[in-house]
Each structure stands twice: as C-alpha cells, then as structure tokens.
Amino acid sequence: MTARLAQLEALTALWSVARHSAALAELVATLDDDVMAGVVAALLDHKEAVRHAAALLVRDLSKRTLQLSQLAVDAGAGSALAQLLKDTPGPCRLHAAVALGYIAAHSPVLALAVIAAQVVEGLVAVLREDDDEAVLEAAAWTLGQLGRHSAKHVEEIAGQHVLTTLAEVRPGTKD
C-alpha cells in the first residue's frame, strides 16, 4: 500500500468514526495535537481523492460543535477550504462549501473568520460558474450562514457582489 493510499484510507476511517456523533467527532479531532493540521494539509493534497476525504472529515467535524469548528479554523481550514472551492469542482467543492457554512453558523466570530479567509469570492464564483445544483445550493446556503449573525456580517460580504449574484441565481438558468 502506498503512503498516499494509506493517507486516503486513514482519512476515510476517521471520517467514518467522526460522522456518528459529537463525542466521536471530538475524539477524532483531539487524538493528538497534529490531527487537524494533517487534515488541513490533506485538503491541499494533489490527489483529488485525498482532498475529498479530508473535506468530508472537516465537514462532519465542523457541523458538530463550536469547539470543533474553532479547532478547524485555528488549523487553517478556512483558507484551505477556500482554495478547494476555487480549484476543485464536483463533490470536493460541495463538501468545502458545506463545511464553511457549518463553521460560520456556530458563531459570529467564526463567521468573520471564514469571511477573513477570503471564501466569499470563491462562493460567488461558484454561483456564477458551477452547473451542479447541489453545489449551487450549498454556496448560497453558506453565504446565508455568513450573513445571518448581524448587519455587520452582511456588510462584510455585500461588497463582493454577493447580493446581485444571489438575485441572479434562478433554477435552470445554468442549463
């Protein structure tokens, strides 16, 4: 088994554990001090399968608790997920958008951290360019999570053509 395949299988196994409960997600995320850093590094791997497995793991860790989302942000997941939005179409893009939305939903501070990671530009690009309905829905939902906390949050994202882009999204217009 190659090191790359072993990494893929390890990420998949960790995701399989973390997806079942908050307690198991916390166990996975805190196995040692380097777990989240390794997962974030995997988000930027040159193999799409590794990026996909890492995105699934970050998504399912982030949805569980504020603390797990904070761990992900502290490890640099915001920037890595933003890069994934820009560089990787398909399921990776979907899971990256959803993970960012989960992180942003937990608190106003985390929403601002996600905005600071330069994700809004990537989400707007997804809404303008992607054809996958699930990805479009995830991008729109995540923008909603970024702006839901206060007028300040809306102001932070509104200057990036978010509102006009959201208004232009119509079912079937990308056919």
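Residues numbered from 1 in each chain as written. Predicted model: local features only at pLDDT ≥ 70, side-chain atom pairs only at ≥ 80, totals over all residues. Heavy atoms only, no water.

Caption draft 1: Representation of the overall build of the chain. Tallying secondary structure elements over the chain gives 12 helices and 0 strands in all. Ordering the α and β elements of the chain from the N terminus gives α-α-α-α-α-α-α-α-α-α-α-α. Over its C-alpha atoms the chain spans a radius of gyration of 16 Å, differing by no more than 12% from the 16 Å that the globule rule assigns to 175 residues. Each principal axis of the C-alpha atoms in the chain carries an extent, and together these give about 45 × 35 × 25 Å. Out of the 175 residues in the chain, the part that is buried amounts to 45%. Across the chain, contacts joining residues at least 24 apart in sequence account for 72% of those joining residues at least 6 apart. Summed over its atoms, the accessible surface of the chain is roughly 8400 Å², and 56% of this surface lies on carbon and sulfur atoms. Between the centroid of the 14 positive side chains of the chain and the centroid of its 21 negative side chains there is a distance of 2 Å. (Helix = DSSP H or I, 4+ residues; strand = E, 2+ residues; numbered from the N terminus. Rg over C-alpha atoms; globule rule 2.2 N^0.38 Å. Buried < 20%, exposed > 50% of the residue type's maximum accessible area, 1.4 Å probe, protein only. Contact = heavy atoms within 4.5 Å. Areas by Shrake-Rupley, 256 points an atom, 1.4 Å probe, with all protein chains shown as cover. Lys, Arg positive; Asp, Glu negative; His and termini not counted. Charge placed at Lys NZ, Arg CZ, Asp CG, Glu CD.)

Caption draft 2: The arrangement of the packing of aromatic side chains in detail. For the structure on display, the rule yields 1 aromatic pair. The ring of W15 is capped by R19, whose NZ or CZ atom sits 4.8 Å from the centre of that ring. (Phe/Tyr/Trp six-rings, centres within 6.5 Å; stacked < 30°, edge-to-face > 60°. Lys NZ or Arg CZ within 6 Å of the ring centre and 35° of its normal.)

Caption draft 3: Local environment of a nonpolar patch on the surface. On the surface, V17, L24, L27 and L31 cluster together to form a nonpolar patch covering roughly 320 Å² of accessible area. You can see V17 is positioned in helix 1 (residues 3–18). Classification of V17 as partly exposed rests on a relative accessible area of 34%. (Patch = residues over 30% accessible without salt bridge, like charges linked within 9 Å, V, L, I, M, F, W, Y side chains within 5 Å. Salt bridge = Lys/Arg side-chain N within 4 Å of Asp/Glu carboxyl O.)

Caption draft 4: Focus on the pattern of salt bridges. Under the criterion given, the structure shown has 3 salt bridges. Across the pair K63 and D60 runs a salt bridge, and its minimum N-O distance is 3.8 Å. With relative accessibility at 33%, the residue K63 sits in the partly exposed group. Taking the relative accessible area as the measure of exposure, D60 reaches 2% and is therefore buried. A salt bridge links D130 to R93; the shortest N-O distance between them is 2.8 Å.

Caption draft 5: Layout of the nonpolar core. Of all hydrophobic cores here, the largest spans 57 residues; its most connected members are L81, V119, V120 and L146. If we skip the residues at most four places from it in the chain, V119 touches G78, A82, L85, L100, V114 and L146. (Core = buried A, V, L, I, M, F, W, Y, C linked by side-chain atoms within 4.5 Å.)

Caption draft 6: Geometry of the confidence of the model for the chain. Summing up the model confidence of the chain, the mean pLDDT is 92 and the portion of residues at 70 or higher is 95%. Between the elements of the chain, mean pLDDT differs from a low of 86, seen in helix 12 (residues 162–168), to a high of 97, seen in helix 7 (residues 91–106). (pLDDT = per-residue confidence, 0-100.)

Caption draft 7: Geometry of unusual backbone geometry. The backbone phi angle of Q118 is positive, close to 65°, even though this residue is not glycine. The topology assignment puts Q118 in the loop between helix 8 (108–116) and helix 9 (119–129).

Caption draft 8: Representation of the environment of D33. Position of D33 among the secondary structure elements: in the loop between helix 2 (22–29) and helix 3 (35–43). Exposure remark for D33: the relative accessible area of 78% places this residue in the exposed category.

Caption draft 9: Region of interest: helix 8. The complete set of buried residues in helix 8 reads L110, A111, V114 and I115. Summarising the axial view, the buried residues of helix 8 lie within an arc of 145°, below the 170-degree limit, and thus occupy one face. Set apart from the buried face of helix 8 by more than 90 degrees, the exposed residues are V109 and A116. Looking at the buried side of helix 8, the elements it contacts are helix 5 (66–74), helix 7, helix 9, helix 10 (133–147) and helix 11 (151–158). Positioned one or two residues after helix 8, Q118 has a phi angle of 65°, which is positive. (Arc of directions from axis to C-beta.)

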